[in-house]
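Coordinates in review
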Amino acid sequence: MEEMLSEHKAAAYCPGWREKIERLQRGDTVFLYKNGTGIIAYGIADGKLNKKERDGQADYEYNMHLDKFCQLKKPLSAKDIKELTKSNRVFRHTLNNISEEWREISDKEIKENRI
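Anyway, here's the lowdown on the structure attached to this text. (Residues numbered from 1 in each chain as written. Predicted model: local features only at pLDDT ≥ 70, side-chain atom pairs only at ≥ 80, totals over all residues. Heavy atoms only, no water.)

Some remarks on the pairing of strand 4 (residues 57-76)
The pairing of strand 1 (residues 9-12) with strand 4 spans four bridges and is classified as antiparallel. Residue Lys-9 lies in a different strand from strand 4, and its bridge partner there is His-65. Bridge analysis of strand 3 (residues 38-54) against strand 4 gives ten bridges, and the strand direction is antiparallel. Across the sheet, residue Leu-49 finds its bridge partner in strand 4, namely Met-64. The antiparallel pairing of strand 3 with strand 4 creates a hairpin that spans two residues between the two strands, and Asp-55 there sits at a positive phi of about 50°. (Pairing = 2+ DSSP bridges. Helix = DSSP H or I, 4+ residues; strand = E, 2+ residues; numbered from the N terminus.)

Notes on the environment of Ala-11
Within the element layout of this structure, Ala-11 appears in strand 1. As for Ala-11 and Asn-50, which are separated by 39 residues in sequence, their C-alpha atoms are 9.2 Å apart.

Concerning the environment of Phe-31
The topology assignment puts Phe-31 in strand 2 (residues 29-34). Here Phe-31 falls in the buried class, since its relative accessible area comes to 16%. It is 9.8 Å that separates the C-alpha atoms of Phe-31 and Leu-66, two residues lying 35 residues apart in sequence. (Buried < 20%, exposed > 50% of the residue type's maximum accessible area, 1.4 Å probe, protein only.)

A word on the sheet that holds strand 1
The pairing of strands in a sheet comes from backbone hydrogen bonds and takes either a parallel or an antiparallel form. One open sheet holds the four strands; their spatial order is 1-4-3-2, and the pairing between them is antiparallel. Either end of the sheet is taken by a strand with one partner, and the two such strands are strand 1 and strand 2. Here the strands of the sheet are splayed against their neighbours by 50° on average, with no regard to which way each runs. Sitting on the sheet, helix 3 (residues 78-85) is in contact with strand 2, strand 3 and strand 4, with an inclination near 70° to strand 4. (Axes fitted to C-alpha atoms, helices over the stretch in contact; angles between N-to-C directions. Contact = heavy atoms within 4.5 Å.)

That is the geometry; function is a separate question.
Structure, rendered in structure tokens:
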């Protein structure tokens, strides 16, 4: 997670999860979520898939740069998100699609109270 924050990127490392990074499109809002903490940063996907090698594995990491990157001073917890959006969303997957309404509610809360 620290590398994602310092390099302003969304990344995945395991087969089945890495490929989800490929689904991001230019202009998508990406929230970085840390288990046990909540949303800790966000940015806008640039649409360019990058792959990094490690220990001889050519496609160890799939990542995408996030423009307009912002790290939150106060994380937005899963409980907070559920209360704001009046939903019971489960945060277990590397990539979750959200509605435009959910994105707008979360974005407003972040900009007004978290940065």
